[in-house]
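In case you want the letters, here they are:
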Amino acid sequence: MDVDQASLDRVENKLAKQSAILAGLGATLWSIPSLVLWYCVYSYFPQFSTMMLIANGIIIGFAVRFHGKGLSVLFSIIALITHTWVTYVALSLNIVINGTTWGIILFGCYAVGAGASIFLARISIPFEDHRAHSFIDRNKGKLNNTKFYNKWFFVLPFLITALGGTSFLTAIGLMFFAEVEKARHEQYIESRVADKEIDITPKALELLTTKNILLYAYAYQKGLLFDANGRASQQFVKSGYKAKMLLKFLIEQRDNARAKFILGHLTNDAAGKLLVQEAAEQGDQYAHVYSLIDYGCNIDHEKAKSLLSNLQNLARSHYIKEEIESVLYVGFPAICDFDNESEFLLSHIINYKE
């Protein structure tokens, strides 16, 4: 075969520079930033996390191409193995799928990434050097891939071992980082919630309406602050002690019947029952309903049912009507067994009018 010597020299020079072991090492090292990038995409732009199946193949393909400078199929195999390994680790870390994604789309993105890694992993031979490459390829003794560090039985075990070690350490690092970020986020939420606390001294509370104080009492009791309509809510600091302090303020400073009912209901002892009775005498309908429930459970449930029916007909608030209706529907033998004596319901304050 008539082959130009200059062409032979160029091809031999390229063959001399190829290194499968460097390709494997480069692919292994670049798998780390690829996984980190994948994690960041999933954290901040989860809708694009599936596209990393393609981007990872491109990254690994270029890494093998740059470090290995290879011409043989072995370099494409190195890229494919690395791409598949990184994809497996990403799936294990649950950073690939966000929401519902069709399997055919996932497989398609993986296949495109795999194809990109295979194609990009090998450097190309110019058309004018094809004859020289074919000539050298028939002379196996002169090919650089006969060197030990280019043998597949040495490179592939090295690649798999290196990938296993680096991916394990990277996964541990990402999980640790995720836990740190979770803790920081929770701390941030707690600080934001703490900023919403109010001054519960009598002087400060004098500036608030009774409805607002009741809303804050509920917020401290349940950990949720609602607006005056009971629609929007936000996290709040939980403190049963502060909730009771607010209710005591309304009782001592404003002689508020609803606060007496709620505090007595929460206390659920002899003193609490006296507070509920006082609230009922002051005309609080919730206190009246719960007093009748207590009467029906402990004295005469038939008479209590009759009184509740009369109260339902007279009540103007639909909250009260619904409360009585639920009691009458369930019936006294069953309603008395419910362990809800200390429940602070949102309905206790949302329909409150000053």
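Quantities reported herein were computed from a predicted structural model and do not represent experimental measurements. (Residues numbered from 1 in each chain as written. Predicted model: local features only at pLDDT ≥ 70, side-chain atom pairs only at ≥ 80, totals over all residues. Heavy atoms only, no water.)

**Some remarks on the packing of aromatic side chains**
A ring pair, where both rings are aromatic, is described by two values, the distance of the centres and the angle of the planes.
Turning to step 1, where the next piece is worked out: Applying the stated rule across the entire model yields eight aromatic pairs.
Turning to step 2, where the next piece is worked out: Geometrically, the ring pair formed by Tyr 220 and Phe 236 is edge-to-face, given 4.9 Å between the ring centres and 75 degrees between the ring planes. Linking Tyr 220 in helix α9 (residues 210-222) with Phe 236 in the loop between β2 (233-235) and α10 (240-254), this pair joins segments that are 16 residues apart in sequence.
Turning to step 3, where the next piece is worked out: Under the relative-accessibility criterion, Tyr 220 is labelled buried at 0%.
Turning to step 4, where the next piece is worked out: Centre to centre, the rings of Phe 261 and Tyr 290 are 5.2 Å apart; their planes meet at 50 degrees, and the pair counts as tilted. Of this pair, Phe 261 sits in helix α11 (residues 257-267) while Tyr 290 is found in helix α13 (residues 285-298), placing the two residues 29 residues apart along the sequence.
Turning to step 5, where the next piece is worked out: Connected via pairs of aromatic rings, a cluster forms that spans Tyr 216, Tyr 220 and Phe 236.
Turning to step 6, where the next piece is worked out: For the cation-ring pair, Lys 69 lies above Phe 66, with the distance from its terminal atom to the ring centre recorded as 5.1 Å. (Phe/Tyr/Trp six-rings, centres within 6.5 Å; stacked < 30°, edge-to-face > 60°. Helix = DSSP H or I, 4+ residues; strand = E, 2+ residues; numbered from the N terminus. Buried < 20%, exposed > 50% of the residue type's maximum accessible area, 1.4 Å probe, protein only. Lys NZ or Arg CZ within 6 Å of the ring centre and 35° of its normal.)

**As for the pattern of salt bridges**
Turning to step 1, where the next piece is worked out: Using the criterion set out here, one finds four salt bridges in the structure.
Turning to step 2, where the next piece is worked out: For Asp 284, the salt bridge identified is with Arg 258, shortest N-O distance 2.5 Å. Taken together, the positions of Asp 284 in the loop between α12 (270-281) and α13 and Arg 258 in helix α11 put the pair 26 residues apart, joining distant regions of the chain.
Turning to step 3, where the next piece is worked out: Taking relative accessible area as the criterion, Asp 284 reaches 6% and is therefore assigned buried.
Turning to step 4, where the next piece is worked out: Judged by relative accessible area, which is 9%, Arg 258 ranks as buried.
Turning to step 5, where the next piece is worked out: Taken together, the salt bridges that share partners define one network made up of Asp 255, Lys 260 and Glu 278. (Salt bridge = Lys/Arg side-chain N within 4 Å of Asp/Glu carboxyl O.)

**A few points about helix α15 (residues 318-330)**
Turning to step 1, where the next piece is worked out: Taking 1.5 Å of rise per residue, 13 residues should cover 18 Å, and α15 covers 18 Å from first to last C-alpha, within 8% of that figure.
Turning to step 2, where the next piece is worked out: Among the residues of α15, those classed as buried are Ile 320, Glu 323, Ile 324 and Val 327. Within α15, the buried residues cover an arc of 90 degrees as seen down the axis, which keeps them to one side.
Turning to step 3, where the next piece is worked out: Directly after α15, the chain includes Gly 331, whose backbone phi takes a positive value near 95 degrees. (Expected span 1.5 Å × (residues − 1). Arc of directions from axis to C-beta.)

**With respect to a nonpolar patch on the surface**
Turning to step 1, where the next piece is worked out: A grouping of Phe 148, Tyr 149, Trp 152, Phe 153 and Phe 154 is seen on the molecular surface, where their side chains present a nonpolar patch of about 550 Å² in accessible area.
Turning to step 2, where the next piece is worked out: Among the structural elements, Tyr 149 can be located in the loop between α6 (130-137) and α7 (152-194). (Patch = residues over 30% accessible without salt bridge, like charges linked within 9 Å, V, L, I, M, F, W, Y side chains within 5 Å. Areas by Shrake-Rupley, 256 points an atom, 1.4 Å probe, with all protein chains shown as cover.)

**A look at the nonpolar core**
Turning to step 1, where the next piece is worked out: Residues Leu 246, Leu 247, Phe 261, Ile 262, Val 289 and Ile 349 are the most contacted members of the largest nonpolar core, which totals 48 residues.
Turning to step 2, where the next piece is worked out: Residue contributions to this core peak at eight residues, all from α9.
Turning to step 3, where the next piece is worked out: Sequence-distant contacts of Leu 247, defined by excluding residues within four places in its chain, comprise Leu 214, Ala 217, Ala 259, Ile 262, Leu 263 and Leu 266.
Turning to step 4, where the next piece is worked out: Listed in part, the 15 residues of the second largest apolar core include Leu 35, Trp 38, Ile 54 and Leu 106. (Core = buried A, V, L, I, M, F, W, Y, C linked by side-chain atoms within 4.5 Å. Contact = heavy atoms within 4.5 Å.)

**A short note on the environment of Ala 334**
Turning to step 1, where the next piece is worked out: Residue position: Ala 334 is located in helix α16 (residues 332-335).
Turning to step 2, where the next piece is worked out: On a C-alpha basis, the gap between Ala 334 and Cys 297 in space is 9.7 Å, while along the polypeptide they are 37 residues apart.

**What about the environment of His 83?**
Turning to step 1, where the next piece is worked out: For His 83, the location among the structural elements is in helix α4 (residues 73-92).
Turning to step 2, where the next piece is worked out: His 83 gets classed as buried once you look at its relative accessible area, which sits at 0%.
Turning to step 3, where the next piece is worked out: Counting along the chain gives 49 residues from His 83 to Ser 34, while the straight-line C-alpha distance between them is 9.9 Å.
Turning to step 4, where the next piece is worked out: Excluding residues within four positions of it along the chain, His 83 makes contact with Leu 53, Asn 56, Gly 57, Ile 60, Tyr 110, Gly 113, Ala 114 and Ser 117.

**Points about the layout of surface pockets**
Turning to step 1, where the next piece is worked out: When its volume is computed, the second largest pocket comes out at roughly 320 Å³.
Turning to step 2, where the next piece is worked out: For the lining of the second largest pocket, the leading source of residues is α15, giving three residues.
Turning to step 3, where the next piece is worked out: Among the residues making up the lining of the second largest pocket, the classes are represented as five nonpolar, five polar and three charged. (1 Å grid on protein atoms, 1.4 Å probe; cavity = no way out; pocket = protein on both sides within 12 Å on 5 of 7 lines; lining within 4 Å. Points joined across faces, edges and corners; volume = space filled by probe spheres on them. Nonpolar A, V, L, I, M, F, W, Y, C, P; charged D, E, K, R; others polar.)

**Observations concerning unusual backbone geometry**
Turning to step 1, where the next piece is worked out: The phi dihedral of Asn 94 falls on the positive side, at around 60 degrees, and the residue is not glycine.
Turning to step 2, where the next piece is worked out: With respect to the element layout, Asn 94 can be found in the loop between α4 and α5 (103-121).
Turning to step 3, where the next piece is worked out: We note that Asp 255 has phi near 50 degrees; this positive angle belongs to a residue other than glycine.
Turning to step 4, where the next piece is worked out: As for its position among the elements, Asp 255 is in the loop between α10 and α11.

**Description of the packing of α13 against helix α14 (residues 301-314)**
Between two packed helices, what matters for the description is the angle formed by their axes and the separation of those axes.
Turning to step 1, where the next piece is worked out: Look at α13 against α14: their axes get within 8 Å of each other, and the N-to-C directions meet at 160 degrees. Judged on the interaxial angle alone, α14 and α13 are roughly antiparallel. In terms of crossing hand, the pair formed by α13 and α14 is left-handed. Contact residues: Gln 285, His 288, Val 289, Leu 292, Tyr 295 and Gly 296 in α13; His 301, Lys 303, Ala 304, Leu 307, Leu 308 and Leu 311 in α14.
Turning to step 2, where the next piece is worked out: Here the contact of α13 with α14 is composed, by residue class, of seven nonpolar, four polar and one charged. (Axes fitted to C-alpha atoms, helices over the stretch in contact; angles between N-to-C directions. Parallel < 35°, antiparallel > 145°, perpendicular 65-115°, else oblique. Left-handed = near helix turned anticlockwise from the far one by under 90°.)

**Points about the confidence of the model for the chain**
Turning to step 1, where the next piece is worked out: Here the chain shows a mean pLDDT of 83. Residues at 70 or above account for 84%.
Turning to step 2, where the next piece is worked out: Mean pLDDT values over the elements of the chain span from 61, in α6, up to 95, in helix α3 (residues 52-68). (pLDDT = per-residue confidence, 0-100.)

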